[in-house]
Amino acid sequence: MPEMLEVELYRQLATRVLGRVIARVDAPDQWFLKGRLTGDHVRDALVGRSFGADRRIGKLLLLDVVDGPTLGLRFGMTGRLIVDGEAAIARLEYGAAAGRSAWDRFGIAFDDGGSLVLRDPRRLGGVELDPDESRLGPDALEVTPAQLRGILARSAAPLKARLLDQSRLAGVGNLLADEMLWRAGLDPARVASSLTPAEVRRLHRHLRDTLDELTDRGGSHTGDLQVMRSTDGVCPKDGEPLQQRTIGGRTTYSCPRHQR
DNA sequence: CCGGATGTTCACCT
DNA sequence: GAGGTGAACATCCG
């Protein structure tokens, strides 16, 4: 589920807990604590304090502790955020089983009785203290055309692989990458540096439009290409059968007719 | 039963 | 150094 659009919804949901006093930290899954972090470390840093700000860079949700460190939350492919028992996204992944508390990997209880829980069936997400934010490129919602040009310049990697590289551009995941390239009419396998200035501008425009439109529709999985992929497998623009390949290590769908 | 899935990291190749 | 591949994580879905 979570690409940056979903994490942005999680961030908005997390705004509710700002200012509340943290009473308890539940870290039942050591695997979920990244690096050498332990439950006690997190407790020492959080209990008795409160969050002063919520931020997001790409797919990373950041909660700044007042007079303390920053809590970093990652959601992997199936992580969800639940605040006061309420999920940000009504549509549940994993069907009716989306609400199994056995998948609660990390939780915070506040002294007002409320809570913030990270529920992740596949355990691909994680928790960090003071994550290294410098490892992430500019957020895809903020990237300028000039920055995008720089990201693609001098790279022999496939265009899509470059867009997925979080250290260069933060937030674009597999579904969003396919959707924006399909909209922009660009072949995901093109060498990144081969794009003309006009093509980079076109990509930037479609990057913005894709993020805006799929936010309105309700998530990363609501793209035209994604929807079509699950039905008859032809390009919604021109009816050409969609091509399936692996690019940048990820399953990739594209239209061989209009994506060049 | 088998393969694949929205992510990240790491080991190992070329 | 730059990229690619495959594995790992655990679970559900088609």
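Here the residue index of a chain counts from 1 through its sequence in written order. Each chain gets a letter, beginning with A, and each ligand a number, beginning with 1, in the order they are written. Note on the predicted model: pLDDT of at least 70 is required for a residue's local features to be given, and 80 or more for side-chain atom pairs to be given and counted; whole-chain, interface and lining totals, by contrast, use all residues. By convention in this description, side-chain values take in all heavy atoms of the structure and omit both hydrogens and water.

Draft legend 1. How the structure looks around the overall build of chain A. Looking only at helices and strands, one finds seven helices and eleven strands in chain A. A globule of 260 residues ought to have a C-alpha radius of gyration of about 18 Å, and chain A, at 20 Å, matches this closely. Counting only C-alpha atoms and orienting by the principal axes, one finds that chain A spans roughly 60 × 40 × 30 Å. Evaluated residue by residue, chain A yields a buried proportion of 48% over its 260 residues. For chain A, restricting intrachain contacts to residue pairs at least 6 apart in sequence, the fraction spanning at least 24 positions comes to 66%. Areas reported here follow the Shrake-Rupley algorithm with a probe of radius 1.4 Å; residue values treat only the protein chains shown as occluding. Here chain A has roughly 11,600 Å² of accessible surface; of this, 48% comes from carbon and sulfur atoms. If you average the places of the 38 positive and of the 36 negative side-chain charges in chain A, the two averages end up 6 Å apart. Secondary structure elements are defined from DSSP: runs of H or I of at least 4 residues count as helices, runs of E of at least 2 residues count as strands, and each element is numbered from the N terminus. We compute the radius of gyration from the C-alpha atoms alone; for a globule the expected value is 2.2 Å times N to the 0.38, where N is the number of residues. Between buried and exposed lies partly exposed: a residue is buried under 20% and exposed over 50% of the maximum accessible area for its type, with that area taken using a 1.4 Å probe on protein chains only. In what follows, a contact means two residues having at least one pair of non-hydrogen atoms within 4.5 Å. Only four residue types enter the charge count: Lys and Arg as positive, Asp and Glu as negative, with His and the chain ends excluded. A single reference atom marks each charge: NZ on Lys, CZ on Arg, CG on Asp, CD on Glu.

Draft legend 2. A look at the environment of Asp209. Here Asp209 lies in helix α6 (residues 197-217). The class for Asp209 is partly exposed, based on a relative accessible area of 36%. For the pair Asp209 and Ser167, spaced 42 residues apart in sequence, the C-alpha to C-alpha distance is 22 Å.

Draft legend 3. Geometry of the packing of helix α3 (residues 145-152) against α6. Angles run from 0 to 180 degrees between N-to-C directions of axes, and those axes are lines fitted to C-alpha atoms, restricted for helices to the stretch in contact. Remark: α3 packs on α6, axes separated minimally by 9 Å, with the N-to-C direction vectors making an angle of 120 degrees. Read as a crossing pair, α3 and α6 show a hand that is right-handed. For the pair α3 and α6, the contacting residues are Pro145, Leu148, Arg149 and Leu152 in the first and Val200, Leu203 and His204 in the second. In the scheme used here, Gly and all other residues not listed as nonpolar or charged are polar, with Ala, Val, Leu, Ile, Met, Phe, Trp, Tyr, Cys and Pro taken as nonpolar and Asp, Glu, Lys and Arg as charged. Among the residues making up the contact of α3 with α6, the classes are represented as five nonpolar, one polar and one charged. Whether a crossing is left-handed or right-handed is set by the direction in which the near helix is turned from the far one by less than a right angle, anticlockwise for left-handed and clockwise for right-handed.

Draft legend 4. Spotlight on the pairing of strand β4 (residues 70-74). Most of β4 sits out of view: four of its five residues are buried. Being paired, for any two strands, means DSSP has found at least two bridges between them. In this sheet, strand β9 (residues 126-129) lies alongside β4 in antiparallel orientation, the contact comprising four bridges. When the bridges of β9 are listed, Leu71 appears paired with Leu129.

Draft legend 5. The sheet that holds strand β5 (residues 80-83), seen in detail. Read across the sheet, five strands follow the order β1-β7-β8-β5-β6 without closing on themselves; strand pairing throughout is antiparallel. Taken across any chain shown, the strands that pair with only one partner, and hence form the sheet edges, are β1 (22-26) and β6 (86-87). Strand direction decides the pairing type here: strand β7 (residues 104-110) and strand β8 (residues 115-119), joined by five bridges, are antiparallel. Bridge pairing links Phe106 to Leu118 in β8. Packed onto the sheet, helix α2 (residues 39-46) meets β1 and β7 and runs at close to 170 degrees relative to β1.

Draft legend 6. Quick look at the nonpolar core. Put simply, a nonpolar core is a bunch of buried Ala, Val, Leu, Ile, Met, Phe, Trp, Tyr and Cys residues held in one set by side-chain atoms that sit within 4.5 Å of each other. In terms of nonpolar packing, the biggest core is built from 28 residues, with Leu46, Phe51, Leu73 and Phe106 touching the most fellow members. When residues of this core are traced back to their parent elements, those giving at least two are α1 (4-14), β1, α2, β3 (60-65), β4, β5, β7 and β8. In this structure, Leu73 is in contact with Lys59, Leu60, Leu61, Leu63, Leu81, Phe106, Leu116, Leu118, Gly126 and Val127, ignoring residues within four places of it in sequence. Counting residues in each nonpolar core, the second largest holds 25 residues, with Ile151, Leu159, Ala177 and Leu195 among its members.

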